[in-house]
Amino acid sequence: MRVLRWMTITIAGLVALVVLLVGSVLLLSDRPAVRAAIRPRLETLLSQALRLDVRIDDIAGLTLWKGVRATGVSLSHDGEPLIAADALHVRVGLVRVLPPLVSIRAEGEGVAVDLAKEPDGEWNLVRAFASENQEKSPPPSWLDAIDVILNDGRLRVRGVAAQPLDLSAIDGEAVVVLGDPGRLTVKQLAARLGAASQLAASGWLDLGAPSALELQLDAHPLAGADLKPLVPQLADAAAVTGTVQVTGSLDAPTAELHLAPGPATIDLWAQLAEVSAGRHLTASWQILALDP
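Peer 1: Tell me about the packing of aromatic side chains, residues and numbers included.
Peer 2: To describe a pair of aromatic rings, one takes the distance between the centres and the angle between the planes. Enumeration over the complete set of coordinates arrives at 0 aromatic pairs. Here the guanidinium or amino end of Arg183 rests over the ring plane of Trp204, the centre of that ring lying 4.0 Å away.

Shown next as structure tokens:
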């Protein structure tokens with residue numbers, strides 16, 4: 001028992017020493033020379049982990065209590081820009097001491113995403129992050145959740161219409177809970193489509209298989225000029241308000257759409273299901289209070 005006691009004290013002392021050394025490095029590392037030396041190593045580490053080309057202009061802050069703040073961050077794949085951010089601020093919070101469990105809070109300012117559908121139907125981000133030669137590894141047991149916050153973000157979608165769709169002024173918060181399966185929860189998301197259209201979204205998506213989801217998208221309102229890339233026949237002066245609710249799974253979603261373009265009210269219900277010959281779409285709709 002005495003040997004076990006001393007072994008326990010020794011192991012605890014070693015762990016405390018490691019924590020003290022790491023904490024001391026972080027506490028004393030918020031200096032320009034240290035940050036400049038860490039930046040290329042961090043670029044290499046992230047590039048290898050994400051299998052993308054990661055570039056960081058500057059590490060503006062690095063302390064134990066404030067976390068890491070990087071500016072001018074960009075991610076590209078085969079020379080194609082994918083994601084860029086004016087600034088990223090990452091902090092770590094302690095959820096439980098023993099066994100250790102931590103959470104991560106990542107806040108992005110001016111995050112810009114270029115989402116493009118390739119001619120073969122695959123999205124550029126899916127192709128960039130896909131891992132064909134590497135088996136999927138389970139999430140680390142010490143990581144509880146990742147809280148993601150966006151401020152003044154931008155999204156460009158190409159390949160779904162003749163003209164790109166541009167979303168700007170994106171503000172929102174989402175939480176990724178790891179596990180088997182994990183879950184992505186969008187607490188709130190607001191964005192501007194085009195020049196004047198406002199969108200808001202909330203919901204959740206299970207990250208397992210099958211991927212269950214529940215999503216609500218509110219439009220208040222959508223200007224006809226901003227919808228021209230999707231609906232060229234729509235008049236510029238038209239305005240559409242409505243709600244879209246999506247439930248089910250990613251493979252077989254069910255969508256309920258309620259639109260009120262001016263004096264008309266349109267209700268649409270649609271379901272996409274997997275069948276032996278492929279995917280089968282069923283839909284029904286009704287038009288109420290239509291102004292001739």
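Peer 1: I'd like a rundown of the pattern of salt bridges, residues and numbers included.
Peer 2: A full pass over the atoms with the stated rule returns 9 salt bridges. Taking the shortest distance from any N to any O, the salt bridge between Arg39 and Glu43 comes out at 3.2 Å. Placement of both Arg39 and Glu43 in helix H2 (residues 32-50) is noted, with a separation of 4 residues, approximately one turn of the helix. Take Arg39: its relative accessible area is 26%, and that puts it in the partly exposed class.

Peer 1: So, the environment of His89: which residues are in play, and what are the values?
Peer 2: Topologically, His89 is positioned in strand S3 (residues 80-96). Given the relative accessible area of 19%, His89 is considered buried. On a C-alpha basis, the gap between His89 and Glu107 in space is 5.1 Å, while along the polypeptide they are 18 residues apart. Every residue in contact with His89, bar those within four places of it in the chain, is listed here: Lys66, Val68, Arg69, Arg105, Ala106 and Glu107.

Peer 1: So what's going on with the side chain of Asn124? Residues and values would help.
Peer 2: Considering the arrangement of structural elements, one finds Asn124 in helix H3 (residues 124-129). Residue classification places Asn124 among the buried residues on the basis of a relative accessible area of 2%. Here Glu80 takes part through its side chain, which lies 3.4 Å from a polar atom of the side chain of Asn124. At 3.0 Å, the side chain of Asn124 forms a polar contact with the backbone oxygen of Asp114.

Peer 1: Lay out unusual backbone geometry in plain terms, naming residues and giving numbers.
Peer 2: Although it is not a glycine, Asp78 adopts a positive phi angle of roughly 55°. For Asp78, the location among the structural elements is in the loop between strand S2 (67-77) and S3. The backbone of Ala169 shows a phi angle near 50°, a positive value even though the residue is not glycine. On the secondary structure map, Ala169 appears in strand S7 (residues 165-177). Assessed through its relative accessible area of 25%, Ala169 is described here as partly exposed.

Peer 1: Please provide a residue-by-residue account of the pairing of S7, values included.
Peer 2: The pairing of strand S6 (residues 143-158) with S7 spans 10 bridges and is antiparallel. If you follow Arg156 over to S7, its bridge partner there is Asp166. Hairpin connection from S6 to S7: 6 residues lie between these consecutive antiparallel strands, with Gly159 at a positive phi of about 100°. Pairing analysis gives 9 bridges linking S7 to strand S8 (residues 183-193), with the strands arranged antiparallel. Bridge pairing in S8 places Val176 opposite Leu184.

The rules behind each value
- Residues numbered from 1 in each chain as written.
- Predicted model: local features only at pLDDT ≥ 70, side-chain atom pairs only at ≥ 80, totals over all residues.
- Heavy atoms only, no water.
- Phe/Tyr/Trp six-rings, centres within 6.5 Å; stacked < 30°, edge-to-face > 60°.
- Lys NZ or Arg CZ within 6 Å of the ring centre and 35° of its normal.
- Salt bridge = Lys/Arg side-chain N within 4 Å of Asp/Glu carboxyl O.
- Helix = DSSP H or I, 4+ residues; strand = E, 2+ residues; numbered from the N terminus.
- Buried < 20%, exposed > 50% of the residue type's maximum accessible area, 1.4 Å probe, protein only.
- Contact = heavy atoms within 4.5 Å.
- Polar contact = N/O pair within 3.5 Å; in protein donor to acceptor, adjacent residues only side chain to side chain.
- Pairing = 2+ DSSP bridges.

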